[in-house]
Each structure stands twice: as structure tokens, then as C-alpha cells.
Amino acid sequence: MSGPGHARVAFLVDVDNTLLDNDRVTADLRHYLEREVGAEGLARYWAIFEALRIELGYADYLGALQRYRLEFPRDPHLLCVSSFLLDYPFADRLYPGALDVLERFRGWGPTVILSDGDVVFQPRKVERSGIGDAVDGVLIYVHKERELDDVERRYPAAHYVLVDDKLRVLDAVKRVWGQRVSTVFPRQGHYARDPEALATYPAPDLAVERIGELVDCDLSLLVEDAR
């Protein structure tokens, strides 16, 4: 039973490769960088990006660009690259039915974005894609699976439904919340197809090929049957 101020069920939904095709965004950035700074500049930027991902634990496109600038302070193309990132048409990269799924979830309970990322680019992505206007709240952490106590404090609920393209995250949250969470795995993007992850982590409560399929799911499938 949910207590005073507690929802019966709350929905926690990831962004990258869950609601939005971030692999496509990355491919577009690669093409743009190669055109603006050449193959060598592209390779150097991506090396910085991957090193920073390991250091921080999340993708930081703007942070990588700032570090690239320290190495190439006179490169005239950097301002164009930053504009490309901040002005990118993220709404065009939403998966079909993504906003419809959020609307359906909101009919059942509080629906919140739960994402990892930096404090500039990730919120910008959520805002410009239209995702922010379609949910009840946005939470962006460095490692979201380590912040579940804060999630509970902000959005208390008897049960949670977590939708994420990373089996690692789904498993980590399941280990903490147990039967209080239903894990939903959209098989989208490169993380979802990673053979090592598929072999390492247990199956989620529910898997779908596309996020849009959840529009047709009943609440009982997501909460009761998934458990």
C-alpha cells in the first residue's frame, strides 16, 4: 500500500537510446567533426571523449570539446562545433511513439526522466527534444543507480517501473529495490546489443524491441505480470 504523499506507481525513464536515438546523434556529430576539423581532428576529439567518459562515468560531449580546445586553442572551427551540439534538432531523433509512451505513463502515475550526464548538454537535450514538457520531473545524476535514495525521496512510490536500454543499470537497480521495481528493457542502441552485456546480466522483467510498443501495454503487464 502507498502511504500519504506516495504514488501507487511511478515511472522512471532513461533518455539516450531509450526515448531518443543517441547513436544517430553521435553519428551526425562524427560526420560534422570530420568535415570541420578533418579525420585527424575527429580521431583526437573522440580519444579525448572516451578518456573523459572513463574518468567521469558518463558521456560529456562539451567537456571533451573544451579539452580539445586546450590542445588546439587556435582552431577556428570550435565555435561552430559547440553550436552544432547545443542547437542540434533533438526532437527529430525521438523514437517513434516515445512521447506517446510518456503520456500513457503519466495517466497511471508520476513519470520522471532518470538519466546520467553533464549539467549542460544533457538538460539541453531533454529540453530541446520536448521530453521535458512531457514528464513530471527530470533527474540527471553522474551515476543514477547510486542515487536511488534521492529518487525515492523526491518521488516516493509503492512501486517503480524503470525503462532503460542498459542491462547493467536495470540489474543494479533491481538488486537494490527488488520486487519494488519492474525493469523494462527496450532493445535499442549499441548498449542493448552488446554481446558481453547480454551474456553478463540477467534478463529484465520485460523486454520490447521498440519503446513505442509500450503504448499498447496494460499497467498490469508493467507492474504485476513483470514481477
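This text gives an overview of the structure that appears in the document. Going along each chain's sequence as written, the residues are numbered from 1 onward. Local features in this predicted model are restricted to residues whose pLDDT is 70 or higher, and side-chain atom pairs enter the listing and the counts only when it is 80 or higher, whereas totals over whole chains, interfaces and linings include all residues. Side-chain numbers come from the whole structure's heavy atoms, not from hydrogens or water.

A separate point is the overall build of the protein chain. Going along the chain from the N terminus, every DSSP run of H or I of four or more residues is numbered as a helix, and every run of E of two or more is numbered as a strand. Scanning the protein chain from N- to C-terminus turns up 10 helices and six strands. In this setup the radius of gyration rests on C-alpha atoms only. A globule is expected at 2.2 Å times the number of residues raised to 0.38. On C-alpha atoms alone, the protein chain measures out to a radius of gyration of 18 Å, which is about the 17 Å that the 2.2 N^0.38 rule sets for 227 residues. Along the first, second and third principal axes, the C-alpha set of the protein chain runs to 60 × 35 × 30 Å. Counting every position in the protein chain, which comprises 227 residues, the buried fraction comes to 50%. In the protein chain, of all internal contacts separated by at least 6 residues, the share reaching a separation of at least 24 is 66%. When the accessible surface of the protein chain is split by element, carbon and sulfur atoms take 51% of a total near 11100 Å². Charged residues are defined here as Lys and Arg on the positive side and Asp and Glu on the negative side; His and the ends of the chain fall outside this count. Throughout, a charge is located at the NZ atom of Lys, the CZ atom of Arg, the CG atom of Asp or the CD atom of Glu. The positive charge centre, built from 28 side chains, and the negative charge centre, built from 39, are 2 Å apart in the protein chain. Here the term buried applies to any residue with accessible area under 20% of the maximum for its type, exposed to any over 50%, and partly exposed to those in between, with areas from a 1.4 Å probe on protein chains only. What makes two residues a contact is simply this: any of their non-hydrogen atoms within 4.5 Å. To measure how exposed things are, a 1.4 Å probe is used in the Shrake-Rupley method; for residues, cover is taken only from the protein chains shown.

This brings us to the sheet that holds strand β2 (residues 111-116). The six strands are arranged β3-β2-β1-β4-β5-β6 in an open sheet whose pairing can be described as parallel. The open sheet terminates on both sides in strands that have one partner only, identified here as β3 (137-141) and β6 (206-208). Along the sheet, successive strands turn relative to each other by an average axial angle of 20 degrees, direction set aside. Convention adopted: a line fitted to C-alpha atoms gives each axis, helices being fitted over their contacting stretch, and angles between N-to-C directions are expressed from 0 to 180 degrees. On the sheet, helix α7 (residues 167-177) packs against β1 (7-13), β4 (157-163) and β5 (181-186) and is oriented at approximately 175 degrees with respect to β5. Two strands pair if DSSP finds at least two bridges between them.

As a further point, take unusual backbone geometry. The phi torsion at Asn-17 lies on the positive side, around 60 degrees, for a residue other than glycine. Its relative accessible area of 2% is what places Asn-17 among the buried residues.

A word on the layout of surface pockets. Two kinds of site are reported from a 1 Å grid over the protein atoms alone, namely cavities, where a 1.4 Å probe fits but cannot get out, and pockets, open sets with protein on both sides within 12 Å along at least five of seven lines, and residues are called lining when an atom falls within 4 Å of a point. Grid points are joined across faces, edges and corners, and a volume is the space filled by probe spheres set on the points. Computed from the structure, the largest pocket encloses a volume of approximately 660 Å³. Contributing to the lining of the largest pocket are 33 residues, with Arg-53, Tyr-58, Ala-59, Lys-166 and Tyr-191 lying nearest its centre. The set of elements that each furnish at least two residues to the lining of the largest pocket consists of α1 (22-56), β2, α5 (121-129), α7 and α8 (189-192). Looking at which element gives the most residues to the lining of the largest pocket, the answer is α1, with nine residues. Class assignment of the residues belonging to the lining of the largest pocket gives a composition of 10 nonpolar, nine polar and 14 charged. Of the volumes computed, that of the second largest pocket is approximately 170 Å³. Leu-62, Leu-65, Gln-66, Arg-69, Leu-78, Leu-79 and Ser-82 are the residues that line the second largest pocket. If you list the elements that add at least two residues to the lining of the second largest pocket, you get α2 (61-71) and α3 (78-86). Top element by residues in the lining of the second largest pocket is α2. It accounts for four residues. Here the term charged refers only to Asp, Glu, Lys and Arg, the term nonpolar to Ala, Val, Leu, Ile, Met, Phe, Trp, Tyr, Cys and Pro, and the term polar to all other amino acids, Gly among them. Considering only residue class, the lining of the second largest pocket consists of four nonpolar, two polar and one charged.

Looking now at the packing of aromatic side chains. Stacked, edge-to-face and tilted are the three classes for Phe, Tyr and Trp ring pairs, Trp counted by its six-membered ring, which pair at centre distances within 6.5 Å; planes under 30 degrees apart are stacked, over 60 edge-to-face, the rest tilted. This model, assessed by the stated rule, comprises 15 aromatic pairs. Here the aromatic rings of Tyr-32 and Phe-84 are separated by 4.3 Å at their centres, their planes lie at 10 degrees, and the arrangement is stacked. Highlighted residues: Tyr-32 in helix α1 and Phe-84 in helix α3, separated in sequence by 52 residues. Ring geometry for Tyr-45 and Phe-49: centres 6.4 Å apart, planes at 25 degrees, overall stacked. One end of the pair is Tyr-45 and the other is Phe-49, both in helix α1 and four residues apart, which spans about a single turn. Overall, the relative accessible area of 1% leaves Phe-49 in the buried class. Grouping aromatic residues by their ring pairs yields a cluster made of Tyr-32, Tyr-45, Trp-46, Phe-49, Tyr-61, Tyr-68, Phe-72, Phe-84, Tyr-88, Phe-90 and Phe-121. The cationic tip of Lys-166 hangs over the ring face of Tyr-191; the distance from NZ or CZ to the ring centre is 4.6 Å. Note on geometry: a ring has a charge over it if NZ (lysine) or CZ (arginine) is within 6 Å of the ring centre and within 35 degrees of the ring normal.

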